[in-house]
Amino acid sequence: MAERRIFSGIQPTGRKHLGNYIGAIRQYVEGQNRGEAIYCIVDLHAITVPQDPAELRERLHDTAAILIAAGLDPERCILFRQSDVVEHTELCWLLGTVTAWGDLNRMHQFKEKAEQQRELVSAGLFFYPVLQAADVLAYRATEVPVGDDQRQHIELMRDIAERFNARFGELLVVPEGRYPEVGARIMNLQDPETRMSTTYGSEQGTVYIVEEDDAVRAKVRSAVTDSGTEVRRGPDKAGITNLIEILSVVRGVAPEEVEREFDGSGYGDFKSAVADALVQYLAPVRERYAGLRGDEAALEATLAAGAEKARVIAAETLADVRDAVGIGPARA
Ligand code: AQP
């Protein structure tokens, strides 16, 4: 096994947005240069809240095409669909037996998502973090690139791995979360106190990865700021801080450099610069996406090849875990 094994998952829900791109996808691409990189489109997680079945399949292909358009190279990473590797669900059950109910009950994301459900708060939604732990632990990954909203889930999966190892022997790797230094929490442009997300916040405040240039420009120009004039970060300047972080990531410079460059400029000029930079950043991804999205057979072939490679790794972990727990016949 490579010294550094990177694993992360992304949901095939909604339209993937700038928060997903900056917080997670950008790190996935970079991960291919730093170690063995494994990425999974987590359709089983998606169905913990109601999904239209046909739309779910469409979104899965959208997400696969976005990831490849963003720079994932199926020759240099393993890219697959979660439900194609059944070991995830079996490991989820086994890990569920060493997960404290009280810990799951403290998960913020469960509480937030449960509040939004009108008809049914599913047990699957409650178990979501255990499946997430199984995703990562099945690959004995050392590192999990995610946005800041996933900290609590990463801590829980570390606890689960530690508890499993304490009871059954050192079989699982306790992974580290990897959060971007800048851009770990991109905020909604219309409500900069709230994280940009698929399910919360206005459409106008959410920049999608696949979005026309004019729409991106309009959203950035109408971003909510404050009544001040200084382009600098601060606790009372959530909107400007968010835009500074976005520009810093997009240009690949430190936020301080952005502040220096726009020292003395008005918010209008600054927003125009952010809009231009963002359009330049996203347009090539959108163009590559358009080329890839139409060929669903090719996307399916990529995912199938990825699942085959993923299964080999996950099956080995599962065999060790089953044996240690005493499930199935003893290994010779
Ligand atoms: N606003 C964000 N800033 C930085 N990173 C973010 N991520 C999500 N929002 C931001 C990171 O994106 C990765 C993939 O997320 P996901 O699609 O699997 O699910 P999510 O976190 O549930 O994404 P959403 O859009 O926010 O959906 P909802 O509204 O359902 O919660 C993760 O690494 C996440 O941290």
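Every value quoted in this text rests on a predicted model; they were computed, and no experiment measured them.

Domain boundaries in the protein define domain 1 (5-178 + 296-325) and domain 2 (213-290). Taking only C-alpha atoms into account, the centre of domain 1 sits 31 Å from that of domain 2. Counting from both sides, the interface comprises nine residues of domain 1 and, opposite them, eight residues of domain 2. Three residues, Leu18, Tyr21 and Ala69, lead the burial of domain 1 against domain 2; their summed loss comes to 55% of the area buried on that side. Where domain 1 touches domain 2, the interface holds two residue pairs in polar contact (both at pLDDT 80 or more). When residues of the side of domain 1 that touches domain 2 are traced back to their parent elements, those giving at least two are α1 (18-31) and α3 (53-70). With five residues, the top contributor of residues to the side of domain 1 that touches domain 2 is α3. Of the residues belonging to the side of domain 1 that touches domain 2, the class tally is seven nonpolar, no polar and two charged.

Non-glycine residue Arg140 carries a positive phi angle of around 50°. Within the fold, Arg140 resides in the loop between α7 (123-137) and β4 (143-145). Judged by its relative accessible area of 14%, Arg140 falls in the buried class.

With that out of the way, let us pick up the packing of aromatic side chains. Counted under the stated rule, the structure contains eight aromatic pairs. A centroid spacing of 5.2 Å and a plane angle of 10° characterise the contact between Phe7 and Tyr139, whose relative ring orientation is stacked. Here the residue Phe7 occupies a position in strand β1 (residues 5-10), and Tyr139 occupies one in the loop between α7 and β4, the gap between them amounting to 132 residues. There is no split in this pair, since Phe7 and Tyr139 are both buried. Centre to centre, the rings of Tyr28 and Tyr39 are 4.6 Å apart; their planes meet at 20°, and the pair counts as stacked. Taken together, the positions of Tyr28 in helix α1 and Tyr39 in strand β2 (residues 36-41) put the pair 11 residues apart, joining distant regions of the chain. The exposure class assigned to Tyr39 is buried, which follows from its relative accessible area of 1%. Members of the aromatic cluster, connected to one another through ring pairs, are Phe7, Phe80 and Tyr139. In this arrangement the basic side chain of Arg15 is found over the ring face of Tyr208, its NZ or CZ atom lying 4.0 Å from the centre. Its end group placed over the ring of Tyr179, Arg151 keeps NZ or CZ at 3.8 Å from the ring centre.

Taken together, 22 residues are adjacent to the ligand, and Lys16, Asp149, Arg195, Thr198 and Thr199 come closest. Note that a nitrogen atom of the ligand is positioned 3.1 Å from one of the backbone N or O atoms of Gly19. Within the side chain of Lys113, one N or O atom sits 3.1 Å away from an oxygen atom of the ligand. In the complex, the protein chains occlude 97% of the 640 Å² of accessible area that the ligand would expose alone. Broken down by element, the residue count for the shell around the ligand peaks at four residues, all from α1. A per-class count over the shell around the ligand returns six nonpolar, 11 polar and five charged.

Rules behind the numbers
- Residues numbered from 1 in each chain as written.
- Predicted model: local features only at pLDDT ≥ 70, side-chain atom pairs only at ≥ 80, totals over all residues.
- Heavy atoms only, no water.
- Domains from an automatic or database assignment.
- Contact = heavy atoms within 4.5 Å.
- Buried area = accessible area lost by both parts, 1.4 Å probe.
- Polar contact = N/O pair within 3.5 Å; in protein donor to acceptor, adjacent residues only side chain to side chain.
- Helix = DSSP H or I, 4+ residues; strand = E, 2+ residues; numbered from the N terminus.
- Nonpolar A, V, L, I, M, F, W, Y, C, P; charged D, E, K, R; others polar.
- Buried < 20%, exposed > 50% of the residue type's maximum accessible area, 1.4 Å probe, protein only.
- Phe/Tyr/Trp six-rings, centres within 6.5 Å; stacked < 30°, edge-to-face > 60°.
- Lys NZ or Arg CZ within 6 Å of the ring centre and 35° of its normal.
- Near = heavy atom within 4 Å.
- Areas by Shrake-Rupley, 256 points an atom, 1.4 Å probe, with all protein chains shown as cover.

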